[in-house]
Amino acid sequence: MRHPWHRFAVLAGLLAVAVPAALQAQTAGSIAVTVTDSSSGQPVEAARVFLAGTTFGGQTGNDGKLLLRPVQPGIYTVRVLRVGYGETSRRVTVVAGQAAEVRVQLSTVSINLQAVVTTATGEQRRKEIGNATANIDVSKVLETAPVANLNDLLNSRAPGVTVTSGTQTGTGARIRVRGMNSVS
């Protein structure tokens, strides 16, 4: 049989855990982040938003919004990242029990990636490979000839590459590199 004070002890234990958590939630604030495209003003979805120097963060929804909570009062740097856009940072002050609003406009950025060639021996940078590789400049090709698809782009523009159309409707083209012999 349990002691009559057992219920009181269990209740006191629950209160000891719940009250500090409730007080902490009341003293914390939140950060409402809205991310838009600087040229169109449209919301940017799937942008990574996080507080610099912490592991606190998330991803914007279809509406370009994210609510970070509970955030302890203080001054934070909100960083926003999205592929195709430049990184943006904003300083924000969080006050206890209040929501700080941050509006971020991301600008599109085009970047050139370093050329990488994948071979059977592993990935290498283009400078390191001993074989000849071809580089097709799409903008120059488009200036001189109409290109309807990738087959037109590759055909007769890289040494040793032959593109032949499929024989049945809906089939893809065959791309042969260095002749008609099979690898096997």
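Refer to the structure presented above.
These remarks concern the structure in this document. (Residues numbered from 1 in each chain as written. Predicted model: local features only at pLDDT ≥ 70, side-chain atom pairs only at ≥ 80, totals over all residues. Heavy atoms only, no water.)

**Quick look at the overall build of the protein chain**
When you go through the protein chain residue by residue, the secondary structure sums to three helices and 11 strands. Listed by position from the N terminus, the elements making up the protein chain come as α-β-β-β-β-β-β-β-β-β-α-α-β-β. Partitioning the contacts of the protein chain with sequence separation of at least 6, the portion at a separation of at least 24 is 41%. Of the roughly 13700 Å² that the protein chain leaves accessible, carbon and sulfur atoms contribute 53%. (Helix = DSSP H or I, 4+ residues; strand = E, 2+ residues; numbered from the N terminus. Contact = heavy atoms within 4.5 Å. Areas by Shrake-Rupley, 256 points an atom, 1.4 Å probe, with all protein chains shown as cover.)

**Focus: the pairing of strand β2 (residues 48–51)**
Side chains V49 and L51 of β2 all project onto a buried face; the interleaved residues R48 and F50 project onto a face where none is buried. Bridge count between β2 and strand β3 (residues 57–59): three bridges; the pairing is antiparallel. Bridged to F50 within β3 is G57. If you look at the hairpin formed by β2 and β3, you'll find five residues sitting between the two strands, and G53 has a positive phi there, around 80°. Across four bridges, β2 lies against strand β5 (residues 74–81) in antiparallel orientation. Directly across from F50, in β5, lies its bridge partner R79. (Buried < 20%, exposed > 50% of the residue type's maximum accessible area, 1.4 Å probe, protein only. Pairing = 2+ DSSP bridges.)

**Some remarks on the sheet that holds strand β1 (residues 29–37)**
Taken in spatial order, the three strands make up an open sheet running β4-β1-β7, and their pairing is mixed. Two strands in the sheet have a free side with no partner beyond their single neighbour: β4 (65–71) and β7 (99–106). Averaged over all adjacent pairs, the angle separating strand axes in this sheet is 20°, with direction ignored. Here β1 runs beside β4; their pairing, made up of five bridges, is antiparallel. Residue A32 lies in a different strand from β4, and its bridge partner there is L67. (Axes fitted to C-alpha atoms, helices over the stretch in contact; angles between N-to-C directions.)

**Comments concerning the side chain of T36**
Positionally, T36 belongs in strand β1. If sequence neighbours within four positions are ignored, T36 has contacts with G41, Q42, P43, V44, V104, Q105 and L106.

**Some words on the pairing of strand β6 (residues 88–94)**
Both β5 and β6 contribute to a ladder of seven bridges, which runs antiparallel. For V80, the partnering residue across the bridge sits in β6 and is T88.

**With respect to the nonpolar core**
Among the nonpolar cores identified, the biggest contains 19 residues, and I31, V35, V49, V78 and V80 are the most heavily contacted of them. Residue assignment for this core shows that the elements contributing at least two residues are β1, β2, β4, β5, β6 and β7. For V35, the residues in contact, after removing those within four places along its chain, are Q42, P43, V44, A47, V49, T60, G64, V80, V104 and L106. (Core = buried A, V, L, I, M, F, W, Y, C linked by side-chain atoms within 4.5 Å.)

**Considerations on the pattern of salt bridges**
One pass over the structure, following the stated rule, counts two salt bridges. With a shortest N-O distance of 2.6 Å, E87 and R79 are connected by a salt bridge. For E87, a relative accessible area of 45% gives the class partly exposed. For R103, the salt bridge is made with E101, and the minimal N-O distance between the two is 3.7 Å. (Salt bridge = Lys/Arg side-chain N within 4 Å of Asp/Glu carboxyl O.)

**Topic: the side chain of T60**
With respect to the helices and strands, the residue T60 is situated in the loop between β3 and β4. Of note is the side chain of T60, whose polar atom sits 3.0 Å from the backbone nitrogen of A47. Filtering out sequence-adjacent residues up to four positions away, T60 remains in contact with V35, V44, E45, A46, A47, V49, K65 and L66. (Polar contact = N/O pair within 3.5 Å; in protein donor to acceptor, adjacent residues only side chain to side chain.)

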